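Each chain, written out:
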Amino acid sequence: RMVPGGIPPPLGAPNETVSPATHPPPFLRPYDSVKSGNKDGDAKPRFLAVTSLEDVQAVRCAEFHPSGRFYAVGSNSKTLRICSYPKLSDLREDHVTYQPTVLFKRTKHHKGSIYCLAWSPLGDLVATGSNDKTVKLMRFNPDSCNMDGQEVELTMHDGTVRDMCFIEDASNKSSLLISGGAGDCKIYVTDCATGTPFQALSGHTGHILALHTWGGAMFVSGSQDRTVRFWDLRTRGCVNVITPAATPTKPGAPVASVCVDPSGRLLVTGHEDSVCSLYDVRGSRCIQAFRPHSSDVRSIRFSPSAYYLLTAGYDNKLVLTDLQGDLTLPLPSVVVAEHQDKVISGRWHPTDFSFISTSADKMCTLWALPPV
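Residues numbered from 1 in each chain as written. Predicted model: local features only at pLDDT ≥ 70, side-chain atom pairs only at ≥ 80, totals over all residues. Heavy atoms only, no water.

The name given to the chain in an unreviewed UniProt entry is WD repeat-containing protein 47, with the source organism recorded as Cherax quadricarinatus.

Shown next, in the form of structure tokens:
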């Protein structure tokens, strides 16, 4: 979101200009029905459930492969699956949801529930974390959609592994895996080339519930201790601590989800008390707190162009919030998808305006808009 000349506008500049190539999908702009209070207006995007994968237990996590050609799904049933991303060009309003094609399936992948998973930016590695306290790191071949060689089991955690993300170490041309969770509240950095954890980052005093990186050497962590910490692997430590949505009278709530926009300027946090906070990273200030859900906000992600925010909550809903215009004003939000039970995660496709969601209703569903 750069203005001509390449200088980023101030956050939430009301008249930000964007090149036509990066304009958001027209069917979502503006949300006239939301802004005018007309609940049934035509502007509401109608996402359709394209495919639904059903498991025997709650589905906790799903992540798209960087190529967008498939997505991995991890469940409480200890099963890891990789599904193919369907063709969406012939999607119609009267679409009937069907089961996705499962290209790879491994039962009893962990001894416990699969809580989190991540792909490396190159898509050649996949990692999973579990309440059996282990991380499994596997080499993935996108051509055969199969695992290559021996998996590496990492046992440095002494509690449930709640979240993880990969960072490319450009200097060594290798991937680093960042993982965190319950137990000792440390964040571990593992060199994927050797399968060796080489750093344990201390600072949080509660379980780590969420991790997010936006490229480079920086990442953020959200914790049960109500804080968000910014880490820089070049300085080998925490570079900033904030307590979002806290006021002198209200201490804030555990940070269940975090994400940072691709420019590294806007942090969004989701909390167990249903609050989301927008935070200006460079200006070190809270822009606003808002409530898109009526229960825990368990997942939060910017859309590929960072125009929209997708949040998933324990109120069974997925909500799209429009981040265009002045971020200090009330933000238009609309419910775009619902499950029969708590929604645990929502993830955007890397390039398409589609997303996958996982839920305690034992489903992983792919949602997309019919072509306009």
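(A) Spotlight on the nonpolar core. Core analysis: the biggest nonpolar cluster contains 17 residues, and Phe47, Leu318, Leu320, Val336 and Phe355 have the highest contact counts within it. Counting residues per element, the ones that place at least two in this core are β23 (308–313), β24 (317–322), β25 (333–338) and β26 (343–348). Among the nonpolar cores identified, the runner-up in size contains 16 residues, and Leu53, Cys83, Tyr85 and Cys364 belong to it. (Core = buried A, V, L, I, M, F, W, Y, C linked by side-chain atoms within 4.5 Å. Buried < 20%, exposed > 50% of the residue type's maximum accessible area, 1.4 Å probe, protein only. Helix = DSSP H or I, 4+ residues; strand = E, 2+ residues; numbered from the N terminus.)

(B) Region of interest: the layout of surface pockets. Empty space within the largest pocket amounts to approximately 940 Å³. For the largest pocket, the lining is made up of 33 residues, of which Glu63, Phe64, His212, Thr213 and Arg301 are closest to its centre. Secondary structure elements with two or more residues in the lining of the largest pocket: β2 (59–64), β6 (114–119), β10 (161–169), β14 (208–213), β18 (255–260), β22 (297–302) and β26. Per-element accounting of the lining of the largest pocket gives the leading share, six residues, to β10. When grouped by side-chain class, the residues that make up the lining of the largest pocket number 19 nonpolar, eight polar and six charged. (1 Å grid on protein atoms, 1.4 Å probe; cavity = no way out; pocket = protein on both sides within 12 Å on 5 of 7 lines; lining within 4 Å. Points joined across faces, edges and corners; volume = space filled by probe spheres on them. Nonpolar A, V, L, I, M, F, W, Y, C, P; charged D, E, K, R; others polar.)

(C) Region of the structure containing the sheet that holds strand β13 (residues 196–201). Here four strands make up an open sheet; going across it, the order is β10-β11-β12-β13 and the pairing antiparallel. The sheet is open, and its two edges are formed by β10 and β13, each paired on a single side. Sheet twist, expressed as the mean angle between neighbouring strand axes with direction ignored, is 25°. One ladder, built from four bridges, connects strand β11 (residues 174–181) with strand β12 (residues 187–191); its direction is antiparallel. Bridging from a neighbouring strand, Leu177 pairs with Thr190 of β12. (Pairing = 2+ DSSP bridges. Axes fitted to C-alpha atoms, helices over the stretch in contact; angles between N-to-C directions.)

(D) Fine view of the pairing of β14. For β14, a buried count of six out of six residues is recorded, marking the element as mostly surrounded by other parts of the structure. Two strands pair when backbone bridges link them, and β14 and strand β15 (residues 218–223) are joined in this way by five bridges, in the antiparallel orientation. Opposite Thr213, over in β15, you have Phe219 as the bridge partner. Where β14 folds back onto β15 in an antiparallel hairpin, the turn is made up of four residues, including Gly215, whose phi is positive at roughly 95°.

(E) Structural detail: the pattern of salt bridges. Going through the model one piece at a time under the given rule, you end up with 13 salt bridges. Arg81 serves as the salt-bridge partner of Asp55, at 2.7 Å between the closest nitrogen and oxygen. Within this pair, whereas Asp55 is found in the loop between β1 (48–54) and β2, its partner Arg81 is found in strand β4 (residues 80–84), the two being separated by 26 residues in sequence. Across the pair, Arg81 and Asp55 agree in class, each one buried. Beyond isolated ion pairs, a larger network of salt bridges with shared partners links Arg106, Lys136, Glu151 and Glu153. (Salt bridge = Lys/Arg side-chain N within 4 Å of Asp/Glu carboxyl O.)

(F) How the structure looks around the side chain of Gln288. By secondary structure assignment, the location of Gln288 is in strand β21 (residues 285–290). Exposure remark for Gln288: the relative accessible area of 13% places this residue in the buried category. From its side chain, Gln288 meets the backbone oxygen of Leu327 in a polar contact 2.8 Å long. Looking at Gln288, its side chain comes within polar contact range of the main-chain oxygen of Leu329, at 2.7 Å. When residues no more than four places from it in sequence are discounted, the contact partners of Gln288 are Cys276, Ser277, Leu278, Leu327, Thr328, Leu329 and Leu331. (Polar contact = N/O pair within 3.5 Å; in protein donor to acceptor, adjacent residues only side chain to side chain. Contact = heavy atoms within 4.5 Å.)

(G) Geometry of the packing of aromatic side chains. Counted by the stated rule, this structure contains 12 aromatic pairs. Here Phe219 and Trp231 contribute two aromatic rings whose centre-to-centre distance is 6.2 Å and whose plane-to-plane angle is 15°, an arrangement assigned as stacked. Of this pair, Phe219 sits in strand β15 while Trp231 is found in strand β16 (residues 228–232), placing the two residues 12 residues apart along the sequence. Residue class for Phe219 comes out buried when judged on its relative accessible area of 0%. (Phe/Tyr/Trp six-rings, centres within 6.5 Å; stacked < 30°, edge-to-face > 60°.)

(H) View of the confidence of the model for the chain. Put simply, the chain has an average pLDDT of 88, and 88% of its residues get 70 or more. Long-range and interchain partners of residues 29–41, a stretch whose pLDDT sits below 50, account for 23 contacts in this model, where long-range means more than four residues apart. (pLDDT = per-residue confidence, 0-100.)

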